[in-house]
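# Report on the structure
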Amino acid sequence: MALIILMKINDRIIGGLTILGGLGVIAGTLEFREIPGQQFGSAFFPRILGVALILTGFVQTVTGANGALFQVNEILKGRSGLQVLAALAAIVIWVIISPALGFILTTACLIAALAMLAEGRLWPSIATGVVMSFILFFVFGKLLRVPLSYGLIESVLT
């Protein structure tokens, strides 16, 4: 039998957060560098995504259901709730710490910490964090040329 975790958030709140997310995506692309020889720069598709998020959020906000803004199922009040909060906190921590430590080190530490919080074992969690951070760095930083925070590890790799 599958365990279903329900958390009900009113569409108006989700729509507002989606609009903020779209604005954040667009704001984040303002300093993206242009790709030499390309008609569209690295910010083109993220900006399309940002506009789509804003439009979707607007529709959700306007057509949002009336009623309670937020309802939490009992299961999210225990360890599962802590895991959800940890995932959200990891995003905020990454934004704050990655400029100082660099993309790879920050990402590796946070992935490993989240894996261990999800009851993963120590060494597999660390290995997952390290491998995933290198894969993400090479896919986004090298192949897609997304500007990432550089630290000690990244300066050795470039």
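This section reports on the structure supplied with the text. (Residues numbered from 1 in each chain as written. Predicted model: local features only at pLDDT ≥ 70, side-chain atom pairs only at ≥ 80, totals over all residues. Heavy atoms only, no water.)

Packing of helix 3 (residues 79-101) against helix 4 (residues 103-117) brings their axes to within 9 Å, and their N-to-C directions diverge by 170°. When the axes of helix 3 and helix 4 are compared, the pair comes out roughly antiparallel. Packed against helix 3, whose contacting residues are R79, L82, Q83, A86, A87, A90, I93, W94, I97, S98 and L101, the element helix 4 presents F103, L105, T106, T107, L110, L114 and L117 at the interface. In the contact of helix 3 with helix 4, the residues fall into 13 nonpolar, four polar and one charged. (Axes fitted to C-alpha atoms, helices over the stretch in contact; angles between N-to-C directions. Helix = DSSP H or I, 4+ residues; strand = E, 2+ residues; numbered from the N terminus. Parallel < 35°, antiparallel > 145°, perpendicular 65-115°, else oblique. Contact = heavy atoms within 4.5 Å. Nonpolar A, V, L, I, M, F, W, Y, C, P; charged D, E, K, R; others polar.)

Helical periodicity: at 3.6 residues per turn, an α-helix aligns residues three or four positions apart in one direction. Here helix 1 (residues 11-28) spans 25 Å end to end across 18 residues, near enough to the 26 Å set by a 1.5 Å rise per residue. Within the sequence span of helix 1, burial applies to G15, T18 and G22. Viewed end-on, helix 1 has its buried residues packed into an arc of 60°, placing them on one side of the element. Exposed side of helix 1, more than 90 degrees from the buried face: L17 and L20 are the residues found there. (Expected span 1.5 Å × (residues − 1). Buried < 20%, exposed > 50% of the residue type's maximum accessible area, 1.4 Å probe, protein only. Arc of directions from axis to C-beta.)

What follows covers the packing of helix 4 against helix 5 (residues 122-143). It is at 7 Å that the axes of helix 4 and helix 5 come closest, and there the two elements cross at 145°. Along this stretch, helix 4 crosses helix 5, giving a crossing that reads as right-handed. Listed contacts from helix 5 to F103, I104, T107, A108, I111, A112, A115 and M116 of helix 4 are L122, S125, I126, T128, G129, V130, M132, S133, F134, L136 and F137. Tallied by class, residues from the contact of helix 4 with helix 5 come to 14 nonpolar, five polar and no charged. (Left-handed = near helix turned anticlockwise from the far one by under 90°.)

Here we come to the packing of aromatic side chains. Per the counting criterion, the structure on display carries five aromatic pairs. Look at F44 and F45: their rings are 5.0 Å apart centre to centre, the planes differ by 75°, and that puts the pair in the edge-to-face class. Through a chain of ring-to-ring contacts, the aromatic side chains of W94, F103, F137, F138 and Y150 assemble into a single cluster. (Phe/Tyr/Trp six-rings, centres within 6.5 Å; stacked < 30°, edge-to-face > 60°.)

A separate point is the side chain of S42. Following the sequence through the fold, S42 ends up in the loop between helix 1 and helix 2 (44-62). With a relative accessible area of 14%, S42 lands in the buried category. A polar atom in the side chain of S42 sits 2.8 Å from the backbone oxygen of R33. In this structure S42 touches F32, R33, I35 and R145, once residues within four positions along its chain are discounted. (Polar contact = N/O pair within 3.5 Å; in protein donor to acceptor, adjacent residues only side chain to side chain.)

Within the element layout of this structure, I104 appears in helix 4. Relative accessible area serves as the criterion here: at 2%, I104 is assigned to the buried category. In the structure, I104 is positioned 49 residues away from I153 in sequence and 7.0 Å away in space, judged by C-alpha atoms. Setting aside residues up to four positions removed in sequence, I104 forms contacts with S133, F134, F137, I153, E154 and L157.

On to unusual backbone geometry, then. Unlike most non-glycine residues, E119 shows phi in positive territory, near 70°. In this structure, E119 sits in the loop between helix 4 and helix 5. Assessed through its relative accessible area of 59%, E119 is described here as exposed.

Looking now at a nonpolar patch on the surface. A cluster of nonpolar side chains, contributed by V84, L85, L88, I91, V92, I93, V95, I96, I97, L101 and L105, occupies part of the molecular surface with about 970 Å² of accessible area. With ten residues, the top contributor of residues to the nonpolar patch is helix 3. Counting through the fold element by element, I91 comes out in helix 3. Judged by its relative accessible area of 55%, I91 falls in the exposed class. (Patch = residues over 30% accessible without salt bridge, like charges linked within 9 Å, V, L, I, M, F, W, Y side chains within 5 Å. Areas by Shrake-Rupley, 256 points an atom, 1.4 Å probe, with all protein chains shown as cover. Salt bridge = Lys/Arg side-chain N within 4 Å of Asp/Glu carboxyl O.)

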